[in-house]
Amino acid sequence: MAQHAVTERKRAPSQRSIAARERILDAAEQVFAERGFDGASIRDIAERAGVQKASVNFHGGPKEELFERIVARRASVLAQERIDAIRFLEAQGAWGVGDLLSAFMLPLVTRAFGKDPQWLAYARIVAIVSADTRWRSLAATHFDPVATLVVQKLCEKHPEADPVRVAGALVFAVSSMLALCTSDWRISALGGSELQPDADGLIQNLLRFCEAGVVSSLTYSKRS
């Protein structure tokens, strides 16, 4: 008698399962942003999502795996928008340092100051990744490729610049960007104002500040 191979088919996840997974990931994003990796717990995330702890483990995995999943979830969107913006600049021909920094920074900061609180939480998680060497591999995978591209573009336009100085200036600029996303409240406090700062004004101030710093790094030649 002929034997027929039986192919098992995986069932596609239900809409209910997909919705639960997204709710858990959103909750994890908020809790990690508020409490950091060490301060967050699976229990916290389950309570925020309104599910059992077992559901968090099922949809997200152990805490470290869940954190890595959260970092990766929005990274590709961010990277692609940055690359598209840089390619657009190149297609236009002439561009300056400020244009390149805008292409690199605006995809994150405009979302962080938009109406979606998840993107603000994500910006804070990027700051956590950037400040802790234990997440070095995550930064290398999800953020360094585009940052390296920015350094390369600057050095191509300014061949006498020292790439290490340029990279340092970009890291300082990224730190400023993340500080704005995580500590914008300090601007009002230090400025003696009780009013919420204008988001567009804050972003433009950030871009001008970072442009000046990166431009200064380009004035140092490799022989300096």
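*Asks:* How should the layout of surface pockets be read in this particular structure?
*Replies:* To find the voids left in a structure, one rolls a probe of water-molecule size over its atoms. Empty space within the largest pocket amounts to approximately 620 Å³. Looking at the lining of the largest pocket, the elements with two or more residues in it are helix H5 (97–112), helix H6 (117–131), helix H7 (136–142), helix H8 (144–157) and helix H9 (163–183). Here the lining of the largest pocket gets seven residues from one element, more than from any other, and that element is H9. Per-class residue counts for the lining of the largest pocket are 17 nonpolar, four polar and four charged. Each pocket or cavity is described by its volume, and for the second largest pocket that value is around 240 Å³. As for the second largest pocket, its lining consists of Ser176, Ala179, Leu180, Ser183, Asp184, Arg186, Ile187, Leu190, Leu202, Asn205, Leu206 and Phe209. Of all the elements in the fold, those that place two or more residues in the lining of the second largest pocket are H9, helix H10 (185–191) and helix H11 (199–218). The residue inventory of the lining of the second largest pocket, partitioned by class, reads seven nonpolar, three polar and two charged.

*Asks:* Just to check I follow, could you spell out the pattern of salt bridges for this structure?
*Replies:* Under the criterion given, the structure shown has 14 salt bridges. Notably, a salt bridge pairs Glu22 with Arg21, separated by 3.2 Å at the nearest N-O pair. Among the ionic pairs, Lys153 bridges to Glu156, the shortest N-O distance being 3.9 Å. Of this pair, Lys153 and Glu156 are both found in helix H8, three residues apart, which corresponds to roughly one turn of the helix. On the basis of relative accessible area, Lys153 is assigned to the buried category, the value being 15%.

What counts as what
- Residues numbered from 1 in each chain as written.
- Predicted model: local features only at pLDDT ≥ 70, side-chain atom pairs only at ≥ 80, totals over all residues.
- Heavy atoms only, no water.
- 1 Å grid on protein atoms, 1.4 Å probe; cavity = no way out; pocket = protein on both sides within 12 Å on 5 of 7 lines; lining within 4 Å.
- Points joined across faces, edges and corners; volume = space filled by probe spheres on them.
- Helix = DSSP H or I, 4+ residues; strand = E, 2+ residues; numbered from the N terminus.
- Nonpolar A, V, L, I, M, F, W, Y, C, P; charged D, E, K, R; others polar.
- Salt bridge = Lys/Arg side-chain N within 4 Å of Asp/Glu carboxyl O.
- Buried < 20%, exposed > 50% of the residue type's maximum accessible area, 1.4 Å probe, protein only.

Take it as geometry only, folks, not as evidence of what the structure does.
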